[in-house]
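In case you want the letters, here they are:
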Amino acid sequence: MTHSPQTVLAERELPALSRHCAAIELHFSMFATQWFMCLFVLSLPSETAFRVWDRVLCHGPAAIFETALRALRLAEKKVMAMDDAFDALVALNEVTANLYDADSLFQVKLKQPIDNAHVRLLRAKFRADRLKE
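Residues numbered from 1 in each chain as written. Predicted model: local features only at pLDDT ≥ 70, side-chain atom pairs only at ≥ 80, totals over all residues. Heavy atoms only, no water.

Quick look at the environment of Ala-88
- Within the secondary structure layout, Ala-88 lies in helix H6 (residues 85-97).
- Accessibility expressed as a relative area gives 0% for Ala-88, which makes it buried.
- As a C-alpha pair, Ala-88 and Cys-21 span 67 residues in sequence and 8.4 Å in three-dimensional space.
- Contact partners of Ala-88, with chain neighbours within four places excluded, come to Ile-24, Leu-26, Val-79 and Met-82. (Helix = DSSP H or I, 4+ residues; strand = E, 2+ residues; numbered from the N terminus. Buried < 20%, exposed > 50% of the residue type's maximum accessible area, 1.4 Å probe, protein only. Contact = heavy atoms within 4.5 Å.)

A word on empty space enclosed by the protein
- Scanning the entire structure with this criterion turns up 1 cavity of 30 Å³ or more.
- As a volume, the largest cavity reaches approximately 70 Å³.
- Around the largest cavity, the lining residues are Gln-6, Leu-9, Ala-10, Phe-28, Phe-31, Ala-32, Trp-35, Phe-36, Phe-65, Ala-68, Leu-69 and Leu-72.
- Class assignment for the residues of the lining of the largest cavity results in 11 nonpolar, 1 polar and no charged. (1 Å grid on protein atoms, 1.4 Å probe; cavity = no way out; pocket = protein on both sides within 12 Å on 5 of 7 lines; lining within 4 Å. Points joined across faces, edges and corners; volume = space filled by probe spheres on them. Nonpolar A, V, L, I, M, F, W, Y, C, P; charged D, E, K, R; others polar.)

A word on the nonpolar core
- Within the largest apolar cluster, 40 residues are counted, with the highest numbers of intra-cluster contacts made by Leu-26, Phe-31 and Trp-35.
- Elements that contribute at least two residues to this core include exactly helix H1 (5-13), helix H2 (15-23), helix H3 (29-37), helix H4 (46-59), helix H5 (62-80), H6, helix H7 (102-106) and helix H8 (116-132).
- Residues in contact with Trp-35, not counting those within four places in the same chain, are Phe-40, Ser-43, Ala-68, Ala-71, Leu-72, Leu-92 and Thr-96. (Core = buried A, V, L, I, M, F, W, Y, C linked by side-chain atoms within 4.5 Å.)

Quick look at the pattern of salt bridges
- Inspection of the entire model under this criterion finds 5 salt bridges.
- In this structure, Glu-66 engages Arg-70 in a salt bridge whose closest nitrogen and oxygen atoms are separated by 3.6 Å. With Glu-66 and Arg-70 both in helix H5, this residue pair falls 4 residues apart, about one helical turn. Neither residue differs from the other here; Glu-66 and Arg-70 are each classed as buried.
- Overlapping salt bridges, with partners in common, bring together Glu-13, Arg-73 and Glu-76 in one network. (Salt bridge = Lys/Arg side-chain N within 4 Å of Asp/Glu carboxyl O.)

Re the environment of Leu-92
- One can find Leu-92 in helix H6.
- Note: C-alpha distance between Leu-92 and Ala-22 (70 residues apart in sequence) is 15 Å.
- With sequence-adjacent residues up to four places away left out, Leu-92 is seen in contact with Phe-31, Trp-35, Leu-72, Ala-75 and Val-79.

Quick look at a nonpolar patch on the surface
- On the surface, a cluster of nonpolar side chains totalling about 370 Å² of accessible area is made up of Val-41, Leu-42, Phe-50 and Trp-53.
- Of note, Phe-50 is situated in helix H4.
- Note on Phe-50: relative accessible area 43%, which makes it partly exposed. (Patch = residues over 30% accessible without salt bridge, like charges linked within 9 Å, V, L, I, M, F, W, Y side chains within 5 Å. Areas by Shrake-Rupley, 256 points an atom, 1.4 Å probe, with all protein chains shown as cover.)

By themselves, these observations are geometric and do not establish any function.
Okay, structure coming up:
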């Protein structure tokens, strides 16, 4: 099975949450697609979304993945408490909708930094695997 770059990074950064989401059939595409396509403007308060945009413009696409992983880490306990994909999605949306303090989002520590070269590598692997299917 081919895994998207966001799934690979989430499995590395948040393995327990990734397993839980798989168990309740909450696929990352159910929320990450909107996050990535709209650059968080529909899920974060506007002040925080604008700060994300600043980071994307300064640091490139890796900033999008870092933001997603940080948001997931902040929502991890609430999502892990849910036994249903819909309830977990609602909990995740509640956390992101209330992230008015952008600094608290950006201060969340990641296990490993994400750089643009790694993102390009994951995307290339994902595309190559999809072509084989």
